[in-house]
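Descriptive analysis of the structure
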Amino acid sequence: MERNNLYPIFLKMHALEVLIVGGGHVALEKLTFLLKSSPTANITMVAPSFKDEVLTIAKAYHIKLFHLAYEESFLCDKDLAIVATDRPEVNHQIYKDAKRRNLLVNVADTPELCDFYLGGIVTKGHVKIAISTNGKSPTTAKRLRQFFEAVIPEDINHMVQNLNAYRKTIKGNFEAKVSALNKITENLIKK
């Protein structure tokens, strides 16, 4: 039986340096997706030209833009790269350059050249849910995202903050704290 073996992680994008190569529609899509979830992300973009929408977003979010063709030196001091050009040979070269530098890479629409995927994300205050279909069905991820956005209450942040305050008052070791929090939250999943 096939299964999704990806490991979801939540990155502190404000503490990482991201390079997006490309300035067209796909780069705009990747940029928008990244900023929706992490508006304080540190992003540099490089492309010979940029769509007007990219320029507008870049100005609003202080994105560094370089109106140049890609060169390997743009990978210096970067933590991960998102590649979104319309030239497969350039995308493949950037992938090889990034791997030589031990960077994580996502090459748009090329799963075999991706160390990570940008999945569906639901955000309600401090609650964030990532959805992956292992790259098999973005439409399924989209529908699941819409479902979770509809069923998770808008005020869930109050619960999270209250539980966090309560957690700080619990005495005892780690196991005692987990037990107390499990007991108080067990009704959340009852039908």
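See the structure printed just above.
This structure is a prediction, so every number in the text was calculated from the model and none was measured. (Residues numbered from 1 in each chain as written. Predicted model: local features only at pLDDT ≥ 70, side-chain atom pairs only at ≥ 80, totals over all residues. Heavy atoms only, no water.)

This part is about the packing of helix α1 (residues 25-37) against helix α2 (residues 52-61). Viewed as axis vectors pointing N to C, α1 and α2 meet at an angle of 30 degrees, and their least axial separation amounts to 10 Å. Overall, the two elements α1 and α2 adopt an arrangement that is roughly parallel. Of the two possible hands of crossing, α1 and α2 adopt the one that is left-handed. In contact with L28, L31, T32 and L35 of α1, α2 contributes E53, V54, I57 and Y61. (Axes fitted to C-alpha atoms, helices over the stretch in contact; angles between N-to-C directions. Helix = DSSP H or I, 4+ residues; strand = E, 2+ residues; numbered from the N terminus. Parallel < 35°, antiparallel > 145°, perpendicular 65-115°, else oblique. Left-handed = near helix turned anticlockwise from the far one by under 90°. Contact = heavy atoms within 4.5 Å.)

Inspection of the secondary structure puts L68 in the loop between β3 (64-67) and β4 (80-83). Considered as a pair, L68 and Y117 are 49 residues apart in the sequence and their alpha carbons are 26 Å apart.

Take the pattern of salt bridges next. Where charged atoms from two side chains of opposite charge come close, those side chains can pair. Counting across every chain of the model gives 9 salt bridges. Between K64 and E17 there is a salt bridge; the shortest N-O distance is 3.9 Å. Taken together, the positions of K64 in strand β3 and E17 in strand β1 (residues 17-21) put the pair 47 residues apart, joining distant regions of the chain. Between E72 and R101 there is a salt bridge, and its shortest N-O distance comes to 3.4 Å. Here E72, found in the loop between β3 and β4, pairs with R101, found in the loop between α3 (88-100) and β5 (104-107); they are 29 residues apart in sequence, far enough to count as distant. The partly exposed category is assigned to E72, whose relative accessible area is 27%. Residues joined in a network through salt bridges with shared partners are E72, D97, R100 and R101. (Salt bridge = Lys/Arg side-chain N within 4 Å of Asp/Glu carboxyl O. Buried < 20%, exposed > 50% of the residue type's maximum accessible area, 1.4 Å probe, protein only.)

This brings us to the side chain of T44. Along the chain, the position of T44 falls in strand β2 (residues 42-47). The contacts of T44, once residues within four sequence positions are left out, are V18, L19, I20, K64, F66 and K78.

Turning our attention to the packing of aromatic side chains. Counted according to the given criterion, the structure contains 2 aromatic pairs. Seen from their ring centres, F147 and F148 are 5.4 Å apart, and the 65 degrees between their planes marks the pair as edge-to-face. Among the residues examined, F148 registers a relative accessible area of 27% and is labelled partly exposed. (Phe/Tyr/Trp six-rings, centres within 6.5 Å; stacked < 30°, edge-to-face > 60°.)

Quick look at the nonpolar core now. Core analysis: the largest hydrophobic core is formed by 23 residues, its most contacted members being V18, I20, L31, I43 and M45. Only β1, α1, β2, α2 and β4 provide two or more residues apiece to this core. Considering every element that reaches this core, the biggest residue donor is α1, with 5 residues. Other than its neighbours up to four places away in sequence, M45 contacts I20, G22, A27, L31, F50, V54, I63, K64, L65 and F66. Counting 15 residues, the second-largest nonpolar core is a separate cluster that includes L19, V21, A81 and V83. (Core = buried A, V, L, I, M, F, W, Y, C linked by side-chain atoms within 4.5 Å.)

Together, Y7, I9 and L11 make up an exposed nonpolar region whose accessible area comes to about 360 Å². Assignment of secondary structure puts L11 in the segment before β1. (Patch = residues over 30% accessible without salt bridge, like charges linked within 9 Å, V, L, I, M, F, W, Y side chains within 5 Å. Areas by Shrake-Rupley, 256 points an atom, 1.4 Å probe, with all protein chains shown as cover.)

Time to look at unusual backbone geometry. The backbone of H62 shows a phi angle near 60 degrees, a positive value even though the residue is not glycine. Mapped onto the elements, H62 comes out in the loop between α2 and β3. For H62, a relative accessible area of 70% puts it in the exposed group. The backbone of D109 sits at a positive phi, close to 60 degrees, despite the residue not being glycine.

All right, on to the pairing of β5 then. Bridge count between β4 and β5: 4 bridges; the pairing is parallel. Counted as the bridge partner of L80 is L104 from β5. At this point the chain moves from β4, through α3, to the parallel β5, and the crossover so formed is right-handed. (Pairing = 2+ DSSP bridges. Right-handed = clockwise from strand over helix to strand, strands pointing away.)

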